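Overview (structure and organization)
Residues per chain, in single letters:
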Amino acid sequence: MTRIDAHHHLWSLSARPQGWLDEPALEPIRRDFGPVDLRAATERAGVDATVLVQVLPDVDETAEFLAVAGESDLIAGVVGWVDLTAPDVAEQLDRLRRGPGGDRLRGVRHLVQSEPDPDWLVRPDVLAGLRAVRDAGLVYDVLTRPHQLSAALQAVRAVPDLVFVVDHLSKPDIAGRVLQPWATGLAALAAEPNVAAKVSGLVTEADWTRWTAADLRPYVDLALEEFGPDRLMVGSDWPVCLLAADYERVFATAAELLDGCSAAERDQVFGGTAARVYGLGDR
Amino acid sequence: MTSAAPEWSTERVPLGRSGVTVSRLGLGTAPLAGLFSAVAEEEAAAALEAAWAAGIRYFDTAPHYGAGLAERRLGAFLASRPRAECTVSTKVGRLLVPGEAAPGDEGFHGERGLVRVRDYSADGVYRSLAESLERSGLDSFDVVLIHDPDDHWEDAVTGAYPALERLRAEGAVRAIGAGMNQAAMLTRFVAETDVDCVLVAGRYSLLDRGAADELLPLCEKRQVGVLVGGVFNSGILADPTAHATYDYAPAPDDVRRRALALAERCAAHGVPLVAAALRFPLRHPAVTGVVVGARNAREVADNAAHAATGIPEALWAELDALEERAQ
């Protein structure tokens, strides 16, 4: 069974500035992470395919990610960025697909979490953009925080034939041990058939230095309950995860948290779901 | 008659079919990372400055050299230079892990808190290279060589080599190969894999022409680049006096006698032995470039000056005859 990391990033500080890394707490990951670093991380964890996810709201970054993926037998898919509020989303996607590695484009993401408007996802221009993503046969990765889950639900219902993937389980406050209203919001999303979710990015929502698997368990248990293994996929969120855990520990922790699942169910979360949702084929 | 080619050392030449070019004279960074004895930070920096000033644009390093010290020093220096103007090679096969290193550990007076662990697995290659990138601060290495797999052939061809091939395929490195002190296993690499280049140390010099038997002809045939290191056999051909080292150990008497005989022939033509030794490998058409180490700016300047020394054809003939008799 192919083991897939459904969510990671790469960046080169010299290639394009990463202003978000200026935050003092992010100093440990304020360096380049390239294909060699990715190989070093994935090899030990037994990961044989990955999904590379956009970092910056910049189509040039996406074009570059596609080119990198096109040369790689490890990076199987790319979730890129286009300006969803623009009238030419279809053309933007088309241009990306015609460029080098364009056939690796599998989805689109926008950093909704940073939008001041809590209803950004249901703006008419954004919904039109999401329909263009659907028409292109792509997936939409939704990166929200708990307070944005209701807008996410509206968007999911407004574009029912677009597959939404909830990144990082919508970032619950694990360090604060807060469950509500996150749990209700996530459960409502899970009730919609066109939604899957990523068990990723959780270690950095927990206490970076003192977290244990037990801290994550209530959140993962709820996700398992609501989505089921067929709609969940493990992602590392590497290199961001390095703030709280190395790559191997992220995967080892995921395995530990899935100890109640059957082998077949674990295979889904560790690869099957990602392969199906992102159309990564039989690699 | 003098075979003068004053510009040869800074000339950029293609390394096999890889698309990478190197200056014919490259700088080896083992000495400036404390090979045999410690080298101060400023001395090392001055050596790198001098190399750049002399037009050297190919730098070879490895985690092994000073347990990371060479990569750190080279990277710090190149941070202030246009990276695209030069070619850098490093190596894989030894991981550096925390540990207490005695001065002189594995020949180096380098970083004290790290020791070497051999690892020729794919995982080891990726980790080693990721750590080399971090240590040096460089965003890529142009060339990556499998380092000293003498007792690890099986791991090297089933682990390290396929890993490097993948990195080359995805553009993370531009050329791959192996670097060793022996010719026989390098010949196997060239025959059995798709390496772009080899770095052969000590086996194609005035004192040891072993690489000419099989390795160099095969490389020429397969258009595999050849970098020659150890042109002084770790010291003796630079200075064949009493304390000379041959292949990293005190030189045996018979080797010293041969070196002194070579020096005598050179002196008769007014050529320093070291100049002939530095130039010798490039007489073979398979050889792309020579990699010569230096501990300080003066040694770099000396090497550059020796590179510019014209060598009479008659001297080559005499040196060839001497070595034929020695075989």
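Below or above, wherever it landed, is the structure these notes cover. (Residues numbered from 1 in each chain as written. Chains lettered and ligands numbered in written order. Predicted model: local features only at pLDDT ≥ 70, side-chain atom pairs only at ≥ 80, totals over all residues.)

**Overview of the overall build of chain A**
For chain A, the count of helices and strands is 9 helices and 8 strands. The C-alpha atoms of chain A give 17 Å as radius of gyration, which agrees with the globular expectation for 283 residues (19 Å, within 12%). The C-alpha extent of chain A, read off along each of the three principal axes, is 45 × 40 × 40 Å. Taken over 283 residues, chain A has a buried fraction of 51%. (Helix = DSSP H or I, 4+ residues; strand = E, 2+ residues; numbered from the N terminus. Rg over C-alpha atoms; globule rule 2.2 N^0.38 Å. Buried ≥ 20, exposed ≤ 12 C-beta atoms within 10 Å, placed from the backbone.)

**Description of the interface of chain B and chain A**
In this assembly, 15 residues from chain B lie in contact with 15 residues from chain A. With 8 residues, the single largest contributor to the side of chain B that touches chain A is helix 3 (residues 122–136) of chain B. A per-class count over the side of chain B that touches chain A returns 8 nonpolar, 1 polar and 6 charged. (Contact = placed C-beta atoms within 7 Å. Nonpolar A, V, L, I, M, F, W, Y, C, P; charged D, E, K, R; others polar.)

**Some thoughts on the sheet that holds strand 4 (residues 58–60) of chain B**
Adjacent strands of a sheet form backbone hydrogen bonds with each other and so pair up, either parallel or antiparallel. Residue and element names in this part refer to chain B. Spatial strand order, 3-4-5-8-9-10-11-14: 8 strands in a closed barrel with parallel pairing. The mean angle between the axes of side-by-side strands here comes to 25°, regardless of whether they run parallel or antiparallel. Taken together, the 4 bridges between strand 5 (residues 87–92) and strand 8 (residues 143–147) define a ladder with parallel strand orientation. By the bridge assignment, Lys 91 is partnered in strand 8 with Leu 145. (Pairing = 2+ DSSP bridges. Axes fitted to C-alpha atoms, helices over the stretch in contact; angles between N-to-C directions.)

**Focus on the environment of B:Ser132**
Residues and elements named next belong to chain B. Within the secondary structure layout, Ser 132 lies in helix 3. Given 24 C-beta atoms within a 10 Å radius, Ser 132 is considered buried. Spatially, the C-alpha atom of Ser 132 lies 45 Å from that of His 269, the residues being 137 residues apart in sequence. Each residue touching Ser 132, except ones within four places of it in the same chain, is listed here: Pro 63, Glu 71, Thr 90 and Phe 141.

**Considering the nonpolar core**
Proteins that are soluble and globular tend to have nonpolar side chains buried together. Among the nonpolar cores identified, the biggest contains 205 residues, and B:Val198, B:Val200, B:Val226, B:Leu237 and B:Ala276 are the most heavily contacted of them. When near neighbours in sequence (up to four residues on either side) are disregarded, B:Ala276 contacts B:Leu206, B:Cys266, B:Val271, B:Ile311, B:Leu315 and B:Leu319. (Core = buried A, V, L, I, M, F, W, Y, C linked by C-beta atoms within 7 Å.)

**As for the environment of B:Gly235**
Residue and element names in this part refer to chain B. Residue position: Gly 235 is located in the loop between strand 11 (225–229) and strand 12 (245–246). Along the sequence, Gly 235 and Tyr 248 sit 13 residues apart, while their C-alpha atoms lie 8.0 Å from each other. In this view, Gly 235 contacts Ala 244 and Thr 245; residues no more than four positions away in its chain are not counted.

Interpretation in functional terms is not warranted from these geometric data alone.
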